[in-house]
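Fold and contact review
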Amino acid sequence: MTTLTAAPLALLLDRLFAEADAKRPELAGLPAEELQALMHSKTGYLELYSRLKDFALPVSRETGRLLYLLARSSQATTIVEFGTSFGLSTLHLAAALRDNGGGRLITSEFEPSKVNIARQNLSAGGLADLVEIRVGDALQTLSNDLPEQIDLVLLDGAKPLYPAILDLLQSRFKPGALIVADNADHSPEYLARVRSAGGGYVSLPFADDVELSMRVG
Ligand SMILES: C[S@@+](CC[C@H](N)C(=O)[O-])C[C@H]1O[C@@H](n2cnc3c(N)ncnc32)[C@H](O)[C@@H]1O
């Protein structure tokens, strides 16, 4: 058994994914065009995520498993996450840290009500001791006090900020660090950067909506 597939986490994740399925962001009543515009705006993200503050917006179940698998197989002990929300991805990553023998996960979220929910979920999953939630805009909260070395990153906050968040973290990446960017197709600038020849990454689209990149050198 793994932490991911054993009690209490397995049942907790089943419940949280089922709740997220029942409350999809389409229900926020945002017209599709407005949603697209806000998703691609470097300034509209505060409004977008404030209007979506009651929605979990998790990674898919498959991406959750991928995160666990990557963190385990790379024996990650320091992980940084951009975009906590209710903590579903965080639970997968923290479970991997537990099964790797321990470590540190720094995650970032600016909606206080979501931080409270994530904390409850991490406690219910028995993983709170591994996770530091930094409350506020990740552009600030991830700009200092980072671990010397970062083994794995999940980018899952405002899509137009992916390049800026990469800038904050990049100097700490260990050679071979893995960067998972969810819905990266909404950040063409990010994709161009990690896919560019000589840009310091080996990168590929993985499944429908994930860009998986590895830091070289
Ligand atoms: C797609 S959700 C994250 C889902 C989460 N990773 C999961 O799988 O459960 C994106 C979250 O990022 C937060 N967010 C977006 N931009 C942010 C920023 N600049 N700083 C901190 N949090 C941000 C939003 O409030 C939202 O809760």
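The text that follows walks through the structure, step by step, so that each part is easy to find.

Each value, and the rule that gives it
Residues numbered from 1 in each chain as written. Predicted model: local features only at pLDDT ≥ 70, side-chain atom pairs only at ≥ 80, totals over all residues. Heavy atoms only, no water. Helix = DSSP H or I, 4+ residues; strand = E, 2+ residues; numbered from the N terminus. Expected span 1.5 Å × (residues − 1). Buried < 20%, exposed > 50% of the residue type's maximum accessible area, 1.4 Å probe, protein only. Contact = heavy atoms within 4.5 Å. Pairing = 2+ DSSP bridges. Axes fitted to C-alpha atoms, helices over the stretch in contact; angles between N-to-C directions. Near = heavy atom within 4 Å. Polar contact = N/O pair within 3.5 Å; in protein donor to acceptor, adjacent residues only side chain to side chain. 1 Å grid on protein atoms, 1.4 Å probe; cavity = no way out; pocket = protein on both sides within 12 Å on 5 of 7 lines; lining within 4 Å. Sits in = over half its atoms within 2 Å of the grid points. Lys, Arg positive; Asp, Glu negative; His and termini not counted. Salt bridge = Lys/Arg side-chain N within 4 Å of Asp/Glu carboxyl O. Arc of directions from axis to C-beta. Phe/Tyr/Trp six-rings, centres within 6.5 Å; stacked < 30°, edge-to-face > 60°. Lys NZ or Arg CZ within 6 Å of the ring centre and 35° of its normal. Core = buried A, V, L, I, M, F, W, Y, C linked by side-chain atoms within 4.5 Å.

Here we look at helix 4 (residues 61-73)
Residue pairs three or four apart in sequence face the same way in an α-helix, which turns once every 3.6 residues. Taking 1.5 Å of rise per residue, the 13 residues of helix 4 would be expected to cover 18 Å, and the 18 Å separating its terminal C-alpha atoms lies within 8% of that figure. Listed in full, the buried residues belonging to helix 4 are Thr63, Gly64, Leu66, Leu67, Tyr68, Leu70 and Ala71. On its buried side, helix 4 packs onto strand 1 (78-82), helix 5 (88-99), strand 4 (150-155), strand 5 (173-182), strand 6 (201-206) and strand 7 (210-215). Just downstream of helix 4, Gln75 is the residue with a positive phi angle, here 50°.

A look at unusual backbone geometry
Cis rather than trans, the peptide bond between Ala7 and Pro8 has omega equal to 5°. Relative to the helices and strands, Pro8 resides in the segment before helix 1 (9-22). Of note in this structure, Gln75 is not a glycine but carries a positive phi near 50°. Its location among the elements puts Gln75 in the loop between helix 4 and strand 1. We note that Asn183 has phi near 50°; this positive angle belongs to a residue other than glycine. With relative accessibility at 23%, the residue Asn183 sits in the partly exposed group.

Describing the sheet that holds strand 5
Read from one edge of the open sheet, seven strands run 3-2-1-4-5-7-6, paired in mixed fashion. Each edge of the open sheet carries a strand with a single partner, namely strand 3 (131-135) and strand 6. Each strand of the sheet is rotated relative to its neighbour by a mean of 15°, with strand direction disregarded. For strand 5 and strand 7, the ladder comprises five bridges, and the chain directions are antiparallel. Residue pairing across strands places Ile179 opposite Ser213, the latter belonging to strand 7. Strands strand 2 (104-109) and strand 3 of the sheet are contacted by helix 6 (residues 112-124), whose axis makes an angle of about 175° with strand 3.

Quick look at the site of the ligand
Taken together, the neighbourhood of the ligand is formed by 25 residues, with Gly83, Ser89, Glu109, Ala138 and Asp156 sitting nearest. Measuring from an oxygen atom of the ligand, one finds a backbone N or O atom of Val59 at 2.9 Å. For the ligand, a nitrogen atom lies 3.2 Å from a polar atom in the backbone of Ala158. In a pocket analysis with a 2 Å cut-off to the grid points, the ligand is assigned to the largest pocket.

As for the side chain of Asp137
Summarising the element assignment, Asp137 is placed in the loop between strand 3 and helix 7 (138-141). Despite its burial, Asp137 pairs with no opposite charge, the nearest such side chain being Arg134 at 12 Å. Those residues in contact with Asp137, other than ones at most four positions away along the chain, are Tyr45, Phe110 and Leu161.

Details of helix 9 (residues 188-195)
Among all positions of helix 9, only Tyr190, Leu191 and Val194 are buried. Angular distribution of buried residues about the axis of helix 9 spans 95°; they occupy a single face of the element. The secondary structure elements touched by the buried residues of helix 9 are strand 4, helix 8 (162-169), strand 5, strand 6 and strand 7.

Regarding the packing of aromatic side chains
For the structure shown, the criterion picks out four aromatic pairs. Pairing Tyr45 with Phe110 gives two aromatic rings, centres 6.1 Å apart and planes at 10°, and the pair type is stacked. Of this pair, Tyr45 sits in helix 3 (residues 45-51) while Phe110 is found in the loop between strand 2 and helix 6, placing the two residues 65 residues apart along the sequence. We classify Tyr45 as buried; its relative accessible area is 8%. The partly exposed category is assigned to Phe110, whose relative accessible area is 22%. Pairwise contacts between aromatic rings join Tyr45, Tyr49 and Phe110 into one cluster. Lying over the aromatic face of Phe55, Lys23 brings its terminal NZ or CZ to 5.1 Å of the ring centre. When the ring centre of Tyr201 is taken as reference, the NZ or CZ atom of Arg215 above it lies at 4.9 Å.

What to know about the nonpolar core
Residues Leu9, Ile79, Leu91, Leu93, Leu127 and Leu152 are the most contacted members of the largest nonpolar core, which totals 37 residues. Looking at which element gives the most residues to this core, the answer is helix 5, with seven residues. Discounting chain neighbours no more than four positions away, the residues touching Leu127 are Thr3, Leu9, Leu91, Ala94, Ala95, Arg98 and Leu122. Membership of the second largest hydrophobic core comes to 32 residues, among which are Tyr49, Phe82, Leu146 and Tyr162.

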